[in-house]
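# Tertiary structure, described
One letter stands for each residue in the lines below.
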Amino acid sequence: MPMRRREFLHLAWSAALAAPTVARAAPAATTGSLQLWAGDPRQHGHVDGAGARARFFDPRGLCTDPRSGDVLVADAANAMVRRITPAGVVSSVAGVPELRKTVEGPVAKAGFVGPDALTVGDDGTLYVSDSYANTVRVVRDGQVALLAGADQLPGYADGPGPQARFNHPVGITFDTHRGVLLVADSYNHTIRQVDRDGRVGTLAGTPGISAHRDGPASQALFNTPVGIAVAADGSVYVSEYFNHDVRRIDPRGMVSTVAGIPGKPGDADGPARQAQLRRPQQICFDATGALYIADAGNLQLRRLGRDGVLSRVAGRADGQMARPGPLPGSLGSPYGVAPGPAGSIAVSSGEAVLLVRFG
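Just so it is clear, the model here is predicted, and its values are computed rather than measured.

### A few points about the overall build of the chain
- When its secondary structure is counted, the chain shows one helix and 31 strands.
- Scaling as 2.2 N^0.38, a compact globule of 359 residues should have a C-alpha radius of gyration of about 21 Å, and the chain matches this with 18 Å.
- Considering only C-alpha atoms, the chain reaches an extent of 50 × 50 × 35 Å along its principal axes.
- For the chain, with 359 residues in total, the buried portion stands at 60%.
- For the chain, the share of sequence-separated contacts (at least 6 apart) that also reach a separation of at least 24 residues comes to 47%.
- Carbon and sulfur atoms provide 53% of the accessible area of the chain, an area that totals close to 13,100 Å².
- Here the chain holds 36 positive side-chain charges and 32 negative ones, and the gap between their average locations is 3 Å.

### Describing the sheet that holds strand E7 (residues 105–106)
- Reading across the sheet, the five strands line up as E7-E11-E10-E9-E8 and stay open at both edges, with antiparallel pairing between neighbours. What marks the edges here is a single partner per strand, and that holds for E7 and strand E8 (115–120).
- Two strands pair when backbone bridges link them, and strand E9 (residues 126–130) and strand E10 (residues 135–140) are joined in this way by five bridges, in the antiparallel orientation. Along E10, the bridge assignment pairs aspartate 130 with threonine 135.

### Quick notes on unusual backbone geometry
- With omega at 15°, the peptide bond leading from leucine 327 into proline 328 counts as cis.
- With respect to the helices, strands and loops of the structure, proline 328 is situated in the loop between strand E27 (325–326) and strand E28 (330–331).
- In this model, aspartate 58 sits at a positive phi of 65°, which is unusual for a non-glycine residue.
- Here aspartate 58 lies in the loop between strand E2 (49–50) and strand E3 (59–64).
- Residue class for aspartate 58 comes out buried when judged on its relative accessible area of 7%.
- Positive phi is not limited to glycine here, since histidine 168 has a value of about 65°.
- Looking at where histidine 168 falls in the secondary structure, it is placed in the loop between strand E11 (143–149) and strand E12 (169–175).

### Brief notes about the pattern of salt bridges
- Across all of its chains, the model carries 22 salt bridges by this definition.
- Arginine 178 is the salt-bridge partner of aspartate 175, the closest N and O atoms lying 2.3 Å from each other.
- Exposure remark for arginine 178: the relative accessible area of 32% places this residue in the partly exposed category.
- Across the salt bridge formed by aspartate 185 and arginine 192, the nearest N and O atoms sit 2.7 Å from each other.
- For aspartate 185, a relative accessible area of 0% puts it in the buried group.
- Residue classification places arginine 192 among the buried positions, given a relative accessible area of 0%.
- Several salt bridges share partner residues, and in doing so they unite Asp65, Arg67, Asp70 and Arg83 into one network.

### Some points on the pairing of strand E20 (residues 254–259)
- Pairing geometry for strand E16 (residues 215–216) and E20, over two bridges, is antiparallel. Considered in E20, the bridge of glycine 215 is made with valine 255.
- As defined by bridge partners, strand E19 (residues 245–249) adjoins E20 across four bridges and the pair is classed as antiparallel. Paired with isoleucine 249 across the two strands is valine 255, which belongs to E20.
- Joining the antiparallel neighbours E19 and E20 is a turn of four residues, in which glycine 253 adopts a positive phi near 90°.

### Overview of the environment of proline 207
- Relative to the assigned elements, proline 207 resides in the loop between strand E15 (200–204) and E16.
- In this structure proline 207 comes out as partly exposed when scored by relative accessible area, which is 33%.
- Residues contacting proline 207, with those up to four places away along its chain left out, are Tyr156, Asn188 and Thr190.

### A short note on the sheet that holds strand E17 (residues 225–230)
- With antiparallel pairing, the five strands of this open sheet are ordered in space as E16-E20-E19-E18-E17. Lying at the two open borders of the sheet, with one neighbouring strand each, are E16 and E17.

About the criteria used
- Residues numbered from 1 in each chain as written.
- Predicted model: local features only at pLDDT ≥ 70, side-chain atom pairs only at ≥ 80, totals over all residues.
- Heavy atoms only, no water.
- Helix = DSSP H or I, 4+ residues; strand = E, 2+ residues; numbered from the N terminus.
- Rg over C-alpha atoms; globule rule 2.2 N^0.38 Å.
- Buried < 20%, exposed > 50% of the residue type's maximum accessible area, 1.4 Å probe, protein only.
- Contact = heavy atoms within 4.5 Å.
- Areas by Shrake-Rupley, 256 points an atom, 1.4 Å probe, with all protein chains shown as cover.
- Lys, Arg positive; Asp, Glu negative; His and termini not counted.
- Charge placed at Lys NZ, Arg CZ, Asp CG, Glu CD.
- Pairing = 2+ DSSP bridges.
- Salt bridge = Lys/Arg side-chain N within 4 Å of Asp/Glu carboxyl O.

Put into structure tokens, the structure is as follows:
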């Protein structure tokens, strides 16, 4: 898999850390711990097994399988999909380690180029955004198949699956309210929707224009959307890497900014529209309706509560490596987030997946 984006993001994080930050308000106290769940933050590879014996290679997006409570992992540089049980046992779901090319067929022989995020549909179908291939794939009945896009052909086009085009699709989630798949099409600066047959449309944003504008979805502008999640009321939440914020598309199709100051990166807790983020990555909701944000540039996990307050949950600005311990602990560069077992939040960081446990 080409490593251009990974190298670029590391440079961006380094620059972000070197930049001056706004003094942050004291975060609300969060009690709990940061625990290693699977993998080793310092060592990459491909090893199935329990806990620290397992190995990943650049684990990125996470999602929870509602049928089992397992967490699925887009193991990007291994070019695979992996699974972690609540007990921390890792197994391989689909793909060949480090094959890094598109191959359709049985899961054990299929190939991905560079999967970034995944989600489980209401019928148990697993959807994968194969970002470096510019495609969306499905895993169903032991087979991997193309749903939409063309292998390693970036572009922008709505329409039937093989005719549609994406430009580095990243965040992905299944919207049970609409019965469609939603995709953060990052370099097209749009939010796309894909029906069960693979037909692609545009939900919000204007292709090729990177900016910030709220309003009706057809007129709204985004800048590198990367994370996406659907709230209980059907609203779609989107994190933007270069706008440093979180946006909301309500059920009427109106886009608004709910957290962060557009275009102004920083590290500040408080009322969400006054608080600051720095290059946020993936997002997820917990059972209470709180939104969790992998605030990659600030090396933290943040929480947007139902009270409209943004606060730090785990990690600190000087934490260069994931280290378990009492909260806030150290997260290194968090990327994927998903509800974990027993009310925890799973976070991918470095070469491992950790759990934030509360209380």
